[in-house]
Structures are given as structure tokens and as C-alpha cells.
Amino acid sequence: MLDRKLIKNFDFVLFTLAIIISIIGVIVITSASHVAATGSLKQTITQSVSIVIGVIALSVITLFDYNLLSNYSLQLYILNILLLVSVFLIGKEINGAKTWIVFGPISLEPVEISKVFLIITLASYLKDKDEITNFKELIYPLILVIIPSIIVILQHSLGSALVFIMIFIGMIFISGIKFRVFSELIGSSIAIMPIVYKLLKPYQRKRLLSFINPNLDPLGAGYHVIQSIISVGSGMFWGEGLFHGTETQLFFLPESQTDFIFSALSEELGFIGSATLILLYSLLLYRAWKIAYNAKDKFGRLISIGILSMFAFHVFENIGMAVGIMPIAGIPLPFVSYGGTSLIVNMMSIGLLINIGMRKNKINF
């Protein structure tokens, strides 16, 4: 049982923000899918049940001291790799990416779980480092990131690999790294980009080029971006209203419940709805930063920054690709895009943040 001091430190603001954003997601998913052949009821129920499961998981995570996770970081990393590799054996390809494991009516996306496991593993290693003073000290954490990144790239999930990289950059930056070493890391990353580009599938290359100029292939790779921008602009200030978005309801906007749900929200709820959602995300990220700042130890601070980096990149990339300033990478909008695994993992991440915040004054772990 939790003592009263810990309960007093429970971040109800962060919890409430996650719930509000999730409810907005259910509403927009219902609107975006209600004229589909399968109807919106199934997706609405699935997303709603995922919220309940996520809240339960969040609550359980707050019951134990987060420092215990450090003792099992290696086991979690091995489990992480096994889950990702299992997709090659029993996974199902959906929308060009083989990242799902399907058990009857239940679908599991290991790559979403992988992000949190990677954060814990990196935090466990970096917590004992005062400062990274040479590039050799980066080799081990780089290997930890490169292995799952290669696996998900082979599964045609380039966006998830980018998330791993942003988590890594955020965590080593906060951990402490000499500017010279950080510059070498960025320089090396830029140098290998041509090699990475050559390894991409043709359709992935087209996505990157269509982001620069969607009109190069308006009916192919650029179609998603063009329709998304039209949807966002159609909403204007007040929006066309729920269940009344032209692009969304007439199926001109692809993936309106998942990758481009922000476009659907913008079309139907307008600038007011979009700005409100961005404000809610800003508050959520601020609360995560506050928890990281006040964390009692480096392990807690690193986990908080890892989760913050994950959420921040997801939000920036997803909204960015919706308005045409970022390439299409298939990254869901946290708590809003349709997807049970993503939503539950996001709730668990909020639980970890709350856990760290609850124990900020607890000296004896």
C-alpha cells in the first residue's frame, strides 16, 4: 500500500491531461470512422477499453519503487529484442509495415512496448555516468539503440527507428556529454544518412521526396500530404463540425483514424480544436519536464527525459506531417490515434512519470 506522503505527490494534473486527450481521441476516432464499412462502434469500444486497461496499468505502476526497474534492465532489453524479432516469425503486415502480432481479435504492436523498455535500459546504464567525455563511451549505448533500430527498419517501420534515436539524443544530452563529443555524434549521423537512404525501400524514399514537394507525385506518394493539408485548411477557425468533415467523411483523407487523425480533428474542430489539443500536449510535456527536474535521482530523471523525448517527437512528427512540414513516418499521435497497444503503453509511461514524481522526496529507496 502507498503511504499518505506518496499519495499527496500523485500528479493528478498529468493524469487528468492524459485522460482528457484520450477522450478527445475517442471522439475524433468515432467521427472519422462512423461511415466506414465496419462502422465506428468497434473502434470506439476498442479505444475506450484500452483507456480503461491503460489506467489500470498506470495505477499498478505507481505501487512500486521505480528504482527496482534498474535491477531488471538487462532482462527487459533481452525481452525487448525477442519481442521485436518474434514479429518476423509470427507477425502480420499491416499498411506496408510488419510490426503487428495478431492473436484472434487481439493485436499487439511490440515496437510500442520497445520504446519504454529501451528508455529503462538506457537510463540504467547512463545513471552511473557523470559525463560522457569521449566517443568511446557512446559505443555501448549506441549499440543498445542501433540493434532495435535495425530490426524495426527491416520491418519497414522507419518512424519507430527515428523515435529510438530521438530518445537516445534526449537522454545522453541530459545525462551529461561534452559538446565536442555531441558534435561528433551529430556529424557522424549526418555522414551516414546517404547510406541509410540507399537502404530504404522505394516507397520510403518516395515518402521523403513527397514531403519536400508533394506535387511530384500527387496521386501517389504525395497524395496523403496533399489531402492532409487540404483537410487542415478546410477546418478554418471553427471547423466543419464533428461527423461533417468533407475530406474525412468522404474518404479523401487516408488513415484518418491513425496517422492523419490530427488532420481529421483540424477539419472538423478547426483552429480552436487544434490549438486546444496542442495546448493540452504542451501542458503534459511541461509536467513531464517538471517531474524530470525534481526527480530525486539520476535514474528517475533519465527515465522522465526519455519519456518526454518520446512524447515530444511523436507529437511534433505527427502534427508536422499533417501540415506538410515533416515527412510521413507512420508515427501515431499519443493518446489520440487509434491503437490499443500505443494507448496502453502511453498510459504506462504516464504511470512511470507519476511514480517518479511521487517519490521525489523519498530519500531511502
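Quick note: structure is the one above.
Residues numbered from 1 in each chain as written. Predicted model: local features only at pLDDT ≥ 70, side-chain atom pairs only at ≥ 80, totals over all residues. Heavy atoms only, no water.

**So, the overall build of the chain**
Part 1 of the reasoning: Helices and strands together make up the secondary structure of the chain, namely 15 helices and three strands.
Part 2 of the reasoning: Put simply, the chain has 365 residues, and 52% of those count as buried.
Part 3 of the reasoning: Within the chain, residue pairs in contact and separated by at least 24 positions form 72% of the contacts whose partners lie at least 6 positions apart.
Part 4 of the reasoning: One finds the centroid of the 25 positive side-chain charges in the chain at a distance of 9 Å from the centroid of its 20 negative side-chain charges. (Helix = DSSP H or I, 4+ residues; strand = E, 2+ residues; numbered from the N terminus. Buried < 20%, exposed > 50% of the residue type's maximum accessible area, 1.4 Å probe, protein only. Contact = heavy atoms within 4.5 Å. Lys, Arg positive; Asp, Glu negative; His and termini not counted. Charge placed at Lys NZ, Arg CZ, Asp CG, Glu CD.)

**Digging into the packing of helix H4 (residues 73-90) against helix H5 (residues 110-126)**
Part 1 of the reasoning: At a closest axis distance of 9 Å, the pairing of H4 and H5 adopts a crossing angle of 155°. It follows from the interaxial angle that H4 and H5 lie roughly antiparallel. Of the two possible hands of crossing, H4 and H5 adopt the one that is left-handed. Contact residues: H4 offers Ser 73, Leu 76, Tyr 77, Leu 79, Asn 80, Leu 83, Leu 84 and Val 87, while H5 offers Pro 110, Val 111, Ser 114, Phe 117, Leu 118, Ile 120, Thr 121 and Ser 124.
Part 2 of the reasoning: Taken together, the residues that form the contact of H4 with H5 break down as eleven nonpolar, five polar and no charged. (Axes fitted to C-alpha atoms, helices over the stretch in contact; angles between N-to-C directions. Parallel < 35°, antiparallel > 145°, perpendicular 65-115°, else oblique. Left-handed = near helix turned anticlockwise from the far one by under 90°. Nonpolar A, V, L, I, M, F, W, Y, C, P; charged D, E, K, R; others polar.)

**Thoughts on the nonpolar core**
In summary, soluble globular proteins display a tendency toward joint burial of nonpolar side chains.
Part 1 of the reasoning: Leu 138, Ile 172, Leu 277, Phe 335 and Ile 350 are the most contacted members of the largest nonpolar core, which totals 91 residues.
Part 2 of the reasoning: Per element, the largest residue contribution to this core is 13 residues, and it comes from helix H14 (residues 298-322).
Part 3 of the reasoning: Beyond its immediate chain neighbours, meaning those up to four positions away, Ile 350 contacts Leu 14, Ala 18, Leu 58, Leu 284, Phe 311 and Phe 335. (Core = buried A, V, L, I, M, F, W, Y, C linked by side-chain atoms within 4.5 Å.)

**Remarks on helix H13 (residues 261-294)**
Counting along an α-helix, one turn takes 3.6 residues, and residues three or four places apart therefore face a common direction.
Part 1 of the reasoning: With 34 residues, H13 should cover 50 Å at 1.5 Å per step; its first-to-last C-alpha distance of 34 Å lies more than 12% under that length.
Part 2 of the reasoning: Roughly 130° is the biggest bend found in H13, and it falls at Gly 270. (Expected span 1.5 Å × (residues − 1). Bend = angle between axes of the 7 residues up to and from the residue.)

**Observations regarding the pattern of salt bridges**
Side chains that differ in sign of charge can pair as their charged atoms come close.
Part 1 of the reasoning: With the rule as written, the count across this model stands at five salt bridges.
Part 2 of the reasoning: Where Glu 112 meets Lys 115, a salt bridge forms, and the shortest distance between an N and an O atom there is 3.2 Å. With a gap of three residues between them, Glu 112 and Lys 115 both fall in helix H5, about one helical turn apart. The pair Glu 112 / Lys 115 is uniform in exposure class, with both members buried. (Salt bridge = Lys/Arg side-chain N within 4 Å of Asp/Glu carboxyl O.)

Remember, this is a structural readout, not a statement about activity or role.
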